Amino acid sequence: AKCVDIALSSCTDVAYTQTMYPNFLDQKSREVIEYSSEYILISVLHNLLQGECNPDLRLLGCSVLAPQCEKDKVIKPCRHVCENLKKNCLPAFDAIDMAWPYFLDCDRFFAGEEEGCFDPLAKLRGEVAVEEDLPSDLPATFIRFKHHSYSQMVSTLKKTASKCSHIATTYSIGRSFEGKDLFVIEFSTKPGHHELLKPEFKYIGNMHGNEVVGKELLIYLAQYLCSEYLLGNPRIQTLINNTRIHLLPSLNPDGYELAAEEGAGYNGWVIGRQTAQNLDLNRNFPDLTSEVYRRAGIRGARLDHIPIPQSYWWGKVAPETKAVMKWLRSIPFVLSASLHGGELVVTYPYDYSRHPMEEKMFSPTPDEKMFKMLAKAYADAHPVISDRSELRCGGNFVKRGGIINGAEWYSFTGGMADFNYLHTNCFEVTVEVGCEKFPLEEELFTIWHENRDALLNYVEMVHRGIKGIVSDKFGNPIKNARISVRGIQHDVTTAADGDYWRLLPPGTYIISAQAAGYSRVTKRVTLPAKMKRAGRVDFVLRPVEAWPNKLLRRSMEDMYDPYDPLELFDPHAQHRQPEARGGSPPGREKPWWWSYFSSLDLHKPLWLLKQ
């Protein structure tokens, strides 16, 4: 037997190109495999499990049906990969009353690493990147200004984190619909950990798959932060020493792949914008803005930390969207920006109009002054946005200073920026970084230099306003205490360690801290115009016997609905599916999925039926 090219349509995206017949199931040709129940199963698993554990399971099945072949020798897939996947995905099979497929028997068809094996899921994790031949004498500050494929992006982020391992790490917030990890690179003096009073910042790129400039800018920014920190750049060292920075270059890697097929310079305004589920991620978040407008006339109603309505879960929610929402709950983010393309302007909430019928209507948040200050911090540091010429990309916004209220530009619901502001403590703006969504590679160097200082300037804005710790008289931190600013109907809450951050423009404020079971403490605070560091304002709260305010009696621990599906969601696609509908007892009718195999006469997969 010799190695032959893989010609199975469901296995064309494996990380190798050749296989050998017969395979591990003794199927002697491509035709025999294609008409087998095993092959039909891996072809329809995506639908049967509603995207759960896929494409992982399909690639694992391909590694058995069409195993890797090198130099006319077959290589078995690794047993530990099979065991991990079975552990995580078996509940999904149980949920549809299906037995674990016999050909994914980890002991029978897989090998240990000591025997020599390959990881069939390596490509999903970006570990099969083509290494580029670069000169060995390149300077430490070298950045290659190019478009990065998914694998190249992951490889670059991992190499950067390895180079600066004392201040950087990579992690995944979850998986895309097609199973790609949503990789983040983090910079901090204690990577992987929240530090008391150190604010959390994030940049998100490539939310729309065909808007690629933000993705590349964040890959370049990661390399820049690492090399400049090592070189002793005081601005970068100060920034990283005092801030925890998270960069998510690509929120929609599936859409990017589709856009990249069109090629730079040729991509239109639609192809690759949406996810593999055909969802626009910036319309997929809960619409909390409408709820704010509804509550606005109710005396004492809260206009912050609004829970996700149950009706939201009745619609189609992308795994990428759920991953971001879970991420927002796990880290107390203070400031954020999402990088888009197609214009040159900075927009800020609200993105949804106060009047649903008005497509362009100024719709400010209670923090309008702060949001304008944040948007201008990016716009004023960008040489093209701050250029007064109207005959250029973004020229329509010159008279507005290169910034605009989102709903005044055009109104839409389900946006990520409004969700950040209304569900969490995080302030987020949207930066449209250029009129070309997918520019040619030779333009990327110029685009980086136009945006570099603006990107840094915006991160530094996380240190404006006040910060502090809320504790009891014994020094114990109080989690979920509310920090209120008189005249601004939007509170922030303390994190698990009792620390908080409240973004505010210069001025004099009356600030109060309160928590269920404690008396309110109020302080007067003045922030000078030239002050560029957050002022420290701590609060010590004393317990009270009775809590008079009924609106505050409900503990902030109960802020989120206890039945919220997000609490149970595993962003790494290892979560349990809902219980199967009306499971049938043994001996009665076949499960609903049996019809998928109706074309098979003699070889129906009885091994999938639970006994």
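What you see is a predicted model, and the numbers here were worked out from it, not measured in a lab.

Enquirer: Let's hear about the overall build of the protein: which residues, and what values?
Expert: Each helix and strand in the protein was counted, giving 17 helices and 20 strands. Computed over the C-alpha atoms, the radius of gyration of the protein is 27 Å, within 12% of the 25 Å expected from 2.2 N^0.38 for a compact globule of 611 residues. Among the 611 residues that make up the protein, the fraction classed as buried is 56%. Nonlocal contacts in the protein, meaning residues at least 24 apart in sequence, comprise 75% of its contacts between residues at least 6 apart. Surface exposure of the protein reaches about 27,000 Å², of which carbon and sulfur atoms provide 51%. Taken together, the 71 basic and 76 acidic charged side chains of the protein have centroids lying 8 Å from each other.

Enquirer: With reference to specific residues and values, describe the UniProt feature "active site" (unreviewed entry) in the protein.
Expert: As annotated by UniProt and renumbered to match this structure, "active site" (unreviewed entry) occupies Glu432. By the element assignment, Glu432 lies in strand β12 (residues 427–434). Discounting residues that sit within four places of it in the chain, Glu432 has contacts with His340, Gly341, Gly342, Glu343, Leu344, Val345 and Trp409. Within polar-contact distance, the side chain of Glu432 engages the backbone nitrogen of Gly341 at 3.4 Å.

Enquirer: I'd like a rundown of the pattern of salt bridges, residues and numbers included.
Expert: In the structure shown here, the tally under the stated rule is 31 salt bridges. For Lys2, the salt bridge goes to Asp72, with nearest N and O atoms at 3.8 Å. Separated by 70 residues along the polypeptide, Lys2 in the segment before β1 (4–5) and Asp72 in the loop between β3 (68–70) and β4 (73–75) bring together distant segments of the chain. With a relative accessible area of 60%, Lys2 lands in the exposed category. Among the salt bridges present, the one from Asp107 reaches Arg79, with a minimum N-O distance of 3.9 Å. Residue Asp107 is found in helix α5 (residues 106–109), and its partner Arg79 is found in helix α4 (residues 79–95); the two are separated by 28 residues along the sequence. In this structure Asp107 comes out as exposed when scored by relative accessible area, which is 59%. Several salt bridges converge on common partners, so that one network encompasses Glu178, Lys180, Asp254 and Glu257.

Enquirer: I'd like a rundown of the domain arrangement of the protein, residues and numbers included.
Expert: Segmentation of the protein into domains returns domain 1 (4–130 + 598–608), domain 2 (150–463) and domain 3 (466–543). For domain 1 and domain 2, the distance between their C-alpha centroids amounts to 37 Å. Counting residues at the interface gives 12 residues for domain 1, matched by 13 residues for domain 2. Counting the surface lost from both domain 1 and domain 2, the interface buries some 810 Å², and carbon and sulfur atoms represent 48% of this. At the surface where domain 1 touches domain 2, the tally comes to 1 salt bridge. Between Arg175 and Asp56 there is a salt bridge whose closest N-O contact spans 2.7 Å. Residue composition of the side of domain 1 that touches domain 2, by class: 4 nonpolar, 4 polar and 4 charged.

Enquirer: Talk me through the packing of aromatic side chains; I want residue IDs and the actual numbers.
Expert: The relative placement of two aromatic rings is captured by the distance of their centres and the angle of their planes. Counted under the stated rule, the structure contains 30 aromatic pairs. Ring geometry for Phe285 and Phe419: centres 5.5 Å apart, planes at 40 degrees, overall tilted. Highlighted residues: Phe285 in the loop between α9 (253–262) and α10 (289–295) and Phe419 in helix α14 (residues 416–423), separated in sequence by 134 residues. Taken as a pair, Phe285 and Phe419 share a single burial class, namely buried. Three or more aromatic residues joined by ring pairs make a cluster, and in this case those are Tyr293, Tyr348, Tyr350, Phe371, Tyr421 and Phe427. The residue whose ring lies beneath Lys202 is Phe333, and the NZ or CZ to ring-centre distance is 5.5 Å.

Enquirer: So what about the sheet that holds strand β10 (residues 343–348)? Which residues, and what values?
Expert: Reading across the sheet, the 8 strands line up as β5-β6-β8-β7-β9-β12-β10-β11 and stay open at both edges, with mixed pairing between neighbours. The open sheet terminates on both sides in strands that have one partner only, identified here as β5 (168–175) and β11 (403–405). On average, each strand axis in the sheet is inclined to that of its neighbour by 25 degrees, with strand direction left out of account. Bridge analysis of β5 against strand β6 (residues 181–187) gives 6 bridges, and the strand direction is antiparallel. Note on β6: the bridge partner recorded for Arg175 is Asp181.

Enquirer: Outline the nonpolar core, listing residues and values.
Expert: One finds Phe187, Tyr203, Leu247, Leu374 and Tyr378 to be the most contacted residues of the largest nonpolar core, which totals 98 residues. It is helix α7 (residues 213–231) that contributes the most residues to this core, 11 residues altogether. Counting residues in each nonpolar core, the second largest holds 48 residues, with Ile42, Cys53, Leu60 and Cys106 among its members.

Enquirer: Go over the side chain of Lys202 with me, naming the residues and quoting the values.
Expert: With respect to the helices and strands, the residue Lys202 is situated in strand β7 (residues 200–205). A polar contact of 3.0 Å, which involves the side chain of Lys202, links it to the side chain of Asn420.

Enquirer: Which residues make up the pairing of strand β16 (residues 499–502), and what values go with them?
Expert: Side chains Asp499 and Trp501 of β16 all project onto a buried face; the interleaved residues Tyr500 and Arg502 project onto the opposite face, where all are buried too. Relative to β16, strand β13 (residues 466–472) runs antiparallel, the two sharing 4 bridges. Its bridge partner being in β16, Ile466 is matched across the sheet by Arg502.

Enquirer: Give me the state of the cysteines: which residues, what numbers.
Expert: Here, the word disulfide means a covalent bond between the sulfur atoms of two cysteines. With the rule as written, the count across this model stands at 7 disulfides. Put simply, Cys78 and Cys117 are joined by a disulfide, and their sulfur atoms are 2.0 Å apart. Linking Cys78 and Cys117, the disulfide has an S-S dihedral of approximately 90 degrees and is accordingly described as right-handed. One end of the pair, Cys78, is in the loop between β4 and α4; the other, Cys117, is in the loop between α5 and α6 (150–163), with 39 residues separating them in the sequence. Here Cys82 is linked by a disulfide to Cys106, with a sulfur-sulfur distance of 2.1 Å. The S-S bond linking Cys82 to Cys106 shows a torsion near -75 degrees; that makes this disulfide left-handed. One end of the pair, Cys82, is in helix α4; the other, Cys106, is in helix α5, with 24 residues separating them in the sequence.

Enquirer: Give a description of the confidence of the model for the protein that names residues and reports values.
Expert: This prediction gives the protein a mean pLDDT of 89; 91% of its residues lie at or above 70. Low pLDDT (under 50) marks residues 550–561, which in the prediction has 23 contacts with non-local residues, meaning those over four places away or in another chain. Across residues 573–587, confidence stays below pLDDT 50; counting only partners more than four residues off in sequence or on other chains, it has 22 contacts.

Enquirer: Tell me about the UniProt feature "domain: FZ" (unreviewed entry) in the protein, residues and numbers included.
Expert: Feature annotation in UniProt assigns "domain: FZ" (unreviewed entry) to the following positions: residues 1–120. Summarising residues 1–120: 40% helix, 8% strand, and an end-to-end C-alpha distance of 22 Å.

Enquirer: Account for a nonpolar patch on the surface, naming residues and giving values.
Expert: A grouping of Leu258, Val270 and Ile271 is seen on the molecular surface, where their side chains present a nonpolar patch of about 270 Å² in accessible area. Within the secondary structure layout, Val270 lies in the loop between α9 and α10. Classification of Val270 as exposed rests on a relative accessible area of 63%.

Basis of the calculations
Residues numbered from 1 in each chain as written. Predicted model: local features only at pLDDT ≥ 70, side-chain atom pairs only at ≥ 80, totals over all residues. Heavy atoms only, no water. Helix = DSSP H or I, 4+ residues; strand = E, 2+ residues; numbered from the N terminus. Rg over C-alpha atoms; globule rule 2.2 N^0.38 Å. Buried < 20%, exposed > 50% of the residue type's maximum accessible area, 1.4 Å probe, protein only. Contact = heavy atoms within 4.5 Å. Areas by Shrake-Rupley, 256 points an atom, 1.4 Å probe, with all protein chains shown as cover. Lys, Arg positive; Asp, Glu negative; His and termini not counted. Charge placed at Lys NZ, Arg CZ, Asp CG, Glu CD. UniProt positions renumbered as here; feature names shortened; annotations may be inferred. Polar contact = N/O pair within 3.5 Å; in protein donor to acceptor, adjacent residues only side chain to side chain. Salt bridge = Lys/Arg side-chain N within 4 Å of Asp/Glu carboxyl O. Domains from an automatic or database assignment. Buried area = accessible area lost by both parts, 1.4 Å probe. Nonpolar A, V, L, I, M, F, W, Y, C, P; charged D, E, K, R; others polar. Phe/Tyr/Trp six-rings, centres within 6.5 Å; stacked < 30°, edge-to-face > 60°. Lys NZ or Arg CZ within 6 Å of the ring centre and 35° of its normal. Pairing = 2+ DSSP bridges. Axes fitted to C-alpha atoms, helices over the stretch in contact; angles between N-to-C directions. Core = buried A, V, L, I, M, F, W, Y, C linked by side-chain atoms within 4.5 Å. Disulfide = S-S within 2.5 Å. pLDDT = per-residue confidence, 0-100. Patch = residues over 30% accessible without salt bridge, like charges linked within 9 Å, V, L, I, M, F, W, Y side chains within 5 Å.

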